[in-house]
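Results of the structural survey
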Amino acid sequence: MADTPNPPRRGLTVERGYRSIVKPIVFVASLVPLGWMVCALFGWFGFSAGVDPVKFLELENGKTALDFILLTLMVTPVHDLARHLQLLRLRRMLGLFAFFYALVHFSVYVVLDLDFDWHMVGADIVKRPYITVGFTALLLLLPLAVTSTNRMMRRLGRRWTRLHRLIYGIAALGIWHYYWQEKIDVRMPIRYAAVLAVLLGYRLLRSRWLRRMIAGRRGALTA
Amino acid sequence: MRFRVPGIAPSEITPPDAYFGRRAFLAGALAAAGTALGRAGAAVLPPRAGMPLAFTQDAADSVDALVHAPNQNETPNTWDQITQYNNYYEFGTSKTDPAEYAGQLQVRPWNIAVAGEAEVTGNFALEDFVKPYALEERIYRFRCVEAWSMVIPWVGFPLARLLQQFKPTSRAKYVAFDTLYRPGQMPGQRVPVLKWPYAEGLRIDEAMHPLSFMVVGLYGRVLPNQNGAPLRLIVPWKYGFKSIKAIVRIVFTEQQPLTTWSEAAPDEYGFYANVNPSVPHPRWSQARQRRIGNPFFHERQDTLLFNGYANEVASLYTGMDLRRNF
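Summarised in this report is the structure supplied together with it. (Residues numbered from 1 in each chain as written. Chains lettered and ligands numbered in written order. Predicted model: local features only at pLDDT ≥ 70, side-chain atom pairs only at ≥ 80, totals over all residues. Heavy atoms only, no water.)

In this model, arginine 108 of chain B is joined to proline 109 of chain B through a cis peptide bond whose omega is -10°. Among the secondary structure elements, proline 109 of chain B is positioned in the loop between helix 4 (97-101) and strand 1 (111-116). Between alanine 229 of chain B and proline 230 of chain B the backbone carries a cis peptide bond, its omega angle lying at 0°. Within the fold, proline 230 of chain B resides in the loop between strand 8 (221-222) and strand 9 (232-234). If you check the backbone angles, phenylalanine 45 of chain A has positive phi at about 55° while not being a glycine. Along the polypeptide, phenylalanine 45 of chain A turns up in the loop between helix 1 (14-42) and helix 2 (53-81). (Helix = DSSP H or I, 4+ residues; strand = E, 2+ residues; numbered from the N terminus.)

Next comes the structure, spelled out in structure tokens:
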């Protein structure tokens, strides 16, 4: 790729386009769910959080976290289809928003739902399997968020990739947590699980294709 | 007493404070008018949700309309809270589905079938069914199995009064209730999340307990559809799902009847479903509850055994293992 040194280019490069246009837009768009929840909470612009605002915040933040996890997992397949978009540049931001909404979700539970009753938080995490599962997912997100900087990526090298494969398990745990807390109507969590199944299934097939391609006539191709 | 009132406008709803002030006044007026209207009085059920109901504040059977309990916020919830946040899967599984879709349900004409181990059985029109009873108001705590709660001013009459009319035989050990099955007007019934029609039941002594209540109204008005119109049950010491809505069938049985939730998930929802902070749901704690209407930062309050009605109902369960019979 770097046969000739890049001449300093003027105008809009992909790099600059992402930095000054795409990323700010995605950043603001990612805050829309939060803005909507705040509006609903205060009854602004005709939005309503209903009569049980604590439950509303728990559910909506949790679902939004799952939405962002699935979005990060969609980046790779879309990237495969349209490499010129360089969507990988957005993946870190989407992942960090997943962590952000998961953290808000957990904070609502601790602060508003349980009123800082740490004894009860502990008891819930130990005794309520669906909370154990959700809490595990949150804990596993933590190292991914911490190692999301360029420096950590460089420092960890190949181990970084391996570490960040945790997201597959986290996604499954998160959806399981959602599924398990439903009283009986599990249609929505099943939908999330179906999307996850497609995204993970794609990765299985993809690695198989790649292996076959590597083994095949184009032996020189590397992943 | 048939007059037409269009659908209920928000401005028409009396705010709780004014409502309870006026209610005290009405009760005084009714008492002054003599007991003729009170005790023997015939319930007249206006045909539309939200129309005013005549009732007496005198609780029959000497039951205090609100049995007070310690450390509970006993301020009744607002009309909006009670009518916009409902679990009524016949209209959808979201809390707002009932308010959105229940309007399409036709609650007139309405018939109730009574069958089973009783001397008097048959089909009854709703108007005749409720006519013999004086309506009264009862402010009960309401605790959902999902760990949220409200305080609600119901209007109705004791279930025992109704059941006695049918002269249950000695073989009547239980009473079973069915909700209407009408998927055309109840969109949730087109989805098999539960087995339709919804069925519930009580042991006969539970049903005959003076706290068990047949409800036709809310806040002094005809019950809105999303709250179970035209006729629903309220058993205030049990989780909300026992308090079956839109009743079309009452059967006296010798065997314990099948009930919808305990059939759907037998290890999670029992036949008794008594409110009990020390018997958790297998997946979540029942020790506390989110009290709807509490301040945002202190929505939680403790859950009480039998929802705070232990003095009244605990004797029904003497010698029973409440953990096994959850």
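Residues and elements named next belong to chain A. With 29 residues, helix 9 (residues 187-215) ought to run about 42 Å at 1.5 Å a step, and its terminal C-alpha atoms sit 42 Å apart, in line with that. If you check which residues of helix 9 are buried, you get Pro189, Tyr192, Leu196, Leu199 and Arg203. The inward-facing, buried residues of helix 9 contact helix 2 and helix 8 (166-181). (Expected span 1.5 Å × (residues − 1). Buried < 20%, exposed > 50% of the residue type's maximum accessible area, 1.4 Å probe, protein only. Contact = heavy atoms within 4.5 Å.)

What follows concerns the interface of chain B and chain A. Interface size, as often reported, equals the accessible area lost upon joining of the parts. Chain B puts 30 residues into the contact, and the matching count from chain A is 25 residues. Summed over both partners, the interface of chain B with chain A comes to about 2,300 Å²; 57% of that surface belongs to carbon and sulfur atoms. At the boundary of chain B and chain A, one finds four salt bridges. Here lysine 183 of chain A and glutamate 146 of chain B are joined by a salt bridge, their closest N and O atoms 3.0 Å apart. Taken together, the links from chain B to chain A amount to nine residue pairs in polar contact (both at pLDDT 80 or more). At the level of secondary structure, the elements contributing two or more residues to the side of chain B that touches chain A comprise helix 8 (260-264) and strand 11 (288-291) of chain B. Here the residues of the side of chain B that touches chain A are counted per class, giving 16 nonpolar, seven polar and seven charged. (Buried area = accessible area lost by both parts, 1.4 Å probe. Salt bridge = Lys/Arg side-chain N within 4 Å of Asp/Glu carboxyl O. Polar contact = N/O pair within 3.5 Å; in protein donor to acceptor, adjacent residues only side chain to side chain. Nonpolar A, V, L, I, M, F, W, Y, C, P; charged D, E, K, R; others polar.)

Looking now at the pattern of salt bridges. Oppositely charged side chains can pair when the atoms bearing their charge come close. Counted according to the given criterion, the structure contains 24 salt bridges over all chains. Its salt-bridge partner being glutamate 74 of chain B, residue arginine 141 of chain B comes within 3.1 Å of it at the nearest N-O pair. Residue arginine 141 of chain B is located in strand 3 (residues 136-143), and its partner glutamate 74 of chain B is located in the loop between helix 2 (35-38) and helix 3 (79-84); the two are separated by 67 residues in the primary sequence. Both residues of the pair, arginine 141 of chain B and glutamate 74 of chain B, count as buried. Arginine 203 of chain B is the salt-bridge partner of aspartate 205 of chain B, the closest N and O atoms lying 2.9 Å from each other. Aspartate 205 of chain B gets classed as partly exposed once you look at its relative accessible area, which sits at 30%. With relative accessibility at 13%, the residue arginine 203 of chain B sits in the buried group. Bridged by salt links that share partners, the residues Glu15, Arg19 and Arg89 of chain A form one connected network.

This brings us to a nonpolar patch on the surface. Where nonpolar side chains cluster on the molecular surface, the patch consists of Trp36, Val38, Leu41, Phe42, Trp44, Phe45 and Phe47 of chain A and spans about 720 Å² of accessible area. Position of tryptophan 44 of chain A relative to the elements: it lies in the loop between helix 1 and helix 2. (Patch = residues over 30% accessible without salt bridge, like charges linked within 9 Å, V, L, I, M, F, W, Y side chains within 5 Å. Areas by Shrake-Rupley, 256 points an atom, 1.4 Å probe, with all protein chains shown as cover.)

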